[in-house]
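# A structural walkthrough
So the chains spell out like this:
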Amino acid sequence: MRLFLMMATAMTSLLLSLPAQADQDTDWATSARMLAQKALIVDTHIDVPYRLQDGWVDVTVATKGGDFDYKRARQGGLNVAFMSIYTPAELEAEGGSFRLANELIDSVEAIAGRAPKKFAMVDTAGEAVKAKTVGLIGLALGMENGAPIEGKLENLAFFYQRGIRYITLTHSLSNHISDSSYDENRPWQGLSPFGKDVVAEMNRLGIMVDISHVSDQAFFQVIEISTAPVIASHSSARHFTPGFERNMSDEMIQALADNGGVIQINFGSSFLTPEAQAWMKAKGESEKAWLKETGFVEDSPEAKAWELGYREQFPFPYAAVSDVADHIDHVVGLTGIQSVGIGSDFDGVGDSLPEGLKDVSFFPALIEELLRRDYSNEQVEAILGENMIRVWREVESVAKAVQAENPA
């Protein structure tokens, strides 16, 4: 009888605790949804323009595919989306980067032009903040890969006038500006002589220097040269993915913070966990061997069918929302709250986004995870957008000072 009473008491205690936990879960979720609508959410890397180049859809309304459209952005609380003006690395040698960049800028302007009650082009930090106050989603422009500059310093002013507010110096191959973290061929041992001039001119114009994709040597040279804060528009912490140079080492994150800059955490699973990173590496090596053996080319229908078969045989180890929060925790632990933000890479990392963070409607899930980790509302708001707006304003301020000191 005594054992029975003890078991009954324990069971009663467990049952009584369940509603409280359920209520607590509901409270976290509700608080996260409310904060998502209140906070200024700035995502510094969304690959919509190139996605639409590959297959046009109207993102001013709900769409079935992709990671971004107006309806889902509203659901998630997104306020400012940096649209990636991405040009493939191979295009530099072929020519055409300048033309493609302009076509992609045109496509973003067309989105805002077709839906002026939903979207607005934003060129300054002030305009980005104002867009939220008037109920619009701000579309800013970041150039992913500096190849469209084409060795002409005057093209920086041209693209500034077109609205470009950050430039990722290189992409998957070393270019005429910088060595790439993905490329074993590193002709410049960091930045090229022209690349060093590019960094200085970007400071003068008020274009943020983006060090995502550059080699470690190039990063430290940028930090040494730049008089304005620098950003990593869509990178994560190498601490979790040892050997993956595309992510930032602790030393780099600290140097970026000392510069006043910010690292915007990439949501791609292979940027977040060693398991996903290892899967990507193995898949890449297998695909390369298969392409060589068969003669098919990457992105061909046959290659896409091969990838589906590979994924069926070797399921992809998706990261979780908690992994994104782990990267944020790590940066905060190294530098403080002021040096981290979000650069999702939505529409840019394919089918590798974490479970529970599949498109722009899911920002509340990340907010909920941060709240559960005892981040205050103010700290979460700093991560979601205020840190990035601060950096943007400081870059604008540096440009004004440089221009006042040295008028053109």
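Structure: see above.
What this report covers is the structure whose coordinates are included nearby. Since we're looking at a predicted model, the values are computed, not measured. (Residues numbered from 1 in each chain as written. Predicted model: local features only at pLDDT ≥ 70, side-chain atom pairs only at ≥ 80, totals over all residues. Heavy atoms only, no water.)

### So, the overall build of the chain
Within the chain, the regular secondary structure consists of 16 helices and nine strands. Here the C-alpha radius of gyration of the chain, 22 Å, is about what a compact globule of 408 residues would show, namely 22 Å. Reported as C-alpha extents along the three principal axes, the dimensions of the chain are approximately 90 × 55 × 45 Å. Buried residues in the chain amount to 55% of all 408 residues. Treating the 34 positive side-chain charges of the chain as one cloud and the 58 negative ones as another, the clouds have centres 6 Å apart. (Helix = DSSP H or I, 4+ residues; strand = E, 2+ residues; numbered from the N terminus. Rg over C-alpha atoms; globule rule 2.2 N^0.38 Å. Buried < 20%, exposed > 50% of the residue type's maximum accessible area, 1.4 Å probe, protein only. Lys, Arg positive; Asp, Glu negative; His and termini not counted. Charge placed at Lys NZ, Arg CZ, Asp CG, Glu CD.)

### Focus on the nonpolar core
One finds Phe68 and Leu169 to be the most contacted residues of the largest nonpolar core, which totals 87 residues. Per element, the largest residue contribution to this core is seven residues, and it comes from helix H5 (residues 97-114). Apart from the residues lying within four places of it in its own chain, the contact partners of Phe68 are Ile46, Val48, Arg51, Val59, Thr63, Ala73, Leu78, Ala81, Met83, Phe119, Asp347 and Val360. (Core = buried A, V, L, I, M, F, W, Y, C linked by side-chain atoms within 4.5 Å. Contact = heavy atoms within 4.5 Å.)

### Thoughts on unusual backbone geometry
Even without a glycine there, the phi angle at Asp347 is positive, about 65°. With respect to the element layout, Asp347 can be found in the loop between strand E9 (340-342) and helix H15 (363-372). Phi angles above zero are rare outside glycine, and Asp374 is one such case at about 75°. Examined against the element boundaries, Asp374 turns out to sit in the loop between H15 and helix H16 (377-405).

### Digging into H5
Given a rise of 1.5 Å per residue, 18 residues ought to cover 26 Å, and the 26 Å separating the end C-alpha atoms of H5 matches this to within 8%. Among the residues of H5, Ser97, Leu100, Ala101, Asn102, Leu104, Ile105, Val108, Ile111 and Ala112 are the ones counted as buried. (Expected span 1.5 Å × (residues − 1).)

### Quick look at the pairing of strand E4 (residues 137-144)
For E4, the tally of buried residues reaches eight of eight residues, placing the bulk of the element in the interior. Covered by surrounding structure in E4 are Ile137, Leu139, Leu141 and Met143 together with Gly138, Ala140, Gly142 and Glu144, the residues of both alternating faces. Relative to E4, strand E2 (residues 78-86) is paired through seven bridges, and the arrangement is parallel. Within E4, the position partnered with Ser84 by the bridge is Gly142. (Pairing = 2+ DSSP bridges.)

### Quick look at the side chain of Ser84
On the secondary structure map, Ser84 appears in strand E2. A polar contact is formed between the side chain of Ser84 and the side chain of Asp47, at a distance of 3.1 Å. Sequence-distant contacts of Ser84, that is, excluding residues within four places in its chain, are made with His45, Ile46, Asp47, Pro49, Gly142 and Glu144. (Polar contact = N/O pair within 3.5 Å; in protein donor to acceptor, adjacent residues only side chain to side chain.)

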